[in-house]
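# Summary of the model geometry
One-letter residues, chain by chain:
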Amino acid sequence: MITVKNAESYLKHKIDDDTNDIKNVWEAFKAFSTEDVEGEEEKEILFQCGVYKFTGEKLFHFDFIRQFTVYEEEDYSHMEQLHCEFSFKPTNELKKLKVEEWSMDYDNIDIFFNHIESLQEFKIPINLKPLKSEIYQEEI
């Protein structure tokens, strides 16, 4: 079974080496998002994008995230987020795009994915070549 500890390596293995192919990463991420992770009570999926200065340089960030709530025995411990993040030069077209959508706001994961795929914030960047792509997991 997938655990929070091995989620990042599990997803990277599913994606293989082509992390700059956003469509490939998205399809692997969607499939991974429906799989059960040990101890997970609810699947928490986030799609977000916008221009941010996270690295000190203004870049357009396009990010698929799966969030995990970690418990030790019965007690809350912390949260972790597994990111599939792409960054782009913030063109005039990309500067207009900004969204944050959580799967928990939808009746089911398929409705969420269909909604995300219908957004201009998704349709425009998914066809571009990112400056950088990164798959990483962090404690938040």
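Heads up: the structure comes first, above all this text.
First, a word on what this report is: a plain description of the structure on this page. (Residues numbered from 1 in each chain as written. Predicted model: local features only at pLDDT ≥ 70, side-chain atom pairs only at ≥ 80, totals over all residues. Heavy atoms only, no water.)

### Concerning the packing of helix α1 (residues 7–15) against helix α2 (residues 22–33)
Two elements in contact, α1 and α2, have axes separated by 9 Å at closest approach and are oriented at 130°. Considering the angle they form, α1 stands oblique to α2. Regarding α1 and α2, the two cross each other, and that crossing is right-handed. The residues of α2 that touch α1, namely those facing A7, Y10, L11, K14 and I15, are N24, V25, A28, F29 and F32. Of the residues contributing to the contact of α1 with α2, the split by class is 8 nonpolar, 1 polar and 1 charged. (Axes fitted to C-alpha atoms, helices over the stretch in contact; angles between N-to-C directions. Helix = DSSP H or I, 4+ residues; strand = E, 2+ residues; numbered from the N terminus. Parallel < 35°, antiparallel > 145°, perpendicular 65-115°, else oblique. Left-handed = near helix turned anticlockwise from the far one by under 90°. Contact = heavy atoms within 4.5 Å. Nonpolar A, V, L, I, M, F, W, Y, C, P; charged D, E, K, R; others polar.)

### Quick word on the packing of α2 against helix α4 (residues 109–118)
Axis separation between α2 and α4 bottoms out at 12 Å; the angle between their running directions is 160°. Accordingly, the angle class assigned to the pair α2 and α4 is roughly antiparallel. The handedness of the crossing between α2 and α4 is right-handed. Residues W26, E27, K30 and S33 of α2 pack against F113, I116 and E117 of α4. Considered class by class, the residues forming the contact of α2 with α4 number 3 nonpolar, 1 polar and 3 charged.

### Some remarks on the pairing of strand β1 (residues 44–52)
Across the 9 residues of β1, 7 count as buried, placing the element largely inside the fold. When β1 meets strand β2 (residues 59–72), the two strands line up antiparallel, connected through 9 bridges. Residue pairing across strands places E44 opposite Q67, the latter belonging to β2. Hairpin geometry of β1 and β2 is characterised by an intervening segment of 6 residues between the two adjacent antiparallel strands and by a positive phi of about 95° at G56. (Buried < 20%, exposed > 50% of the residue type's maximum accessible area, 1.4 Å probe, protein only. Pairing = 2+ DSSP bridges.)

### Here's the deal with the packing of aromatic side chains
By the definition in use, this model includes 19 aromatic pairs. The interplanar angle of 80° and the centroid separation of 5.4 Å between the aromatic rings of F47 and F62 together place this pair among those described as edge-to-face. Here the residue F47 occupies a position in strand β1, and F62 occupies one in strand β2, the gap between them amounting to 15 residues. Accessibility expressed as a relative area gives 1% for F47, which makes it buried. You can call F62 buried: its relative accessible area is 0%. Here the aromatic cluster, defined as three or more aromatic residues joined through ring pairs, consists of W26, F29, F47, F60, F62, F64, F86, F88, Y106, F112, F113 and F122. (Phe/Tyr/Trp six-rings, centres within 6.5 Å; stacked < 30°, edge-to-face > 60°.)

### Looking at the pattern of salt bridges
Applying the stated criterion across every chain, the model contains 7 salt bridges. Salt-bridge contacts for K43 lead to D36; the nearest nitrogen and oxygen are separated by 2.8 Å. Residue classification places K43 among the partly exposed residues on the basis of a relative accessible area of 24%. Members of the salt-bridge network, linked through shared partners, are E27, K30 and E117. (Salt bridge = Lys/Arg side-chain N within 4 Å of Asp/Glu carboxyl O.)

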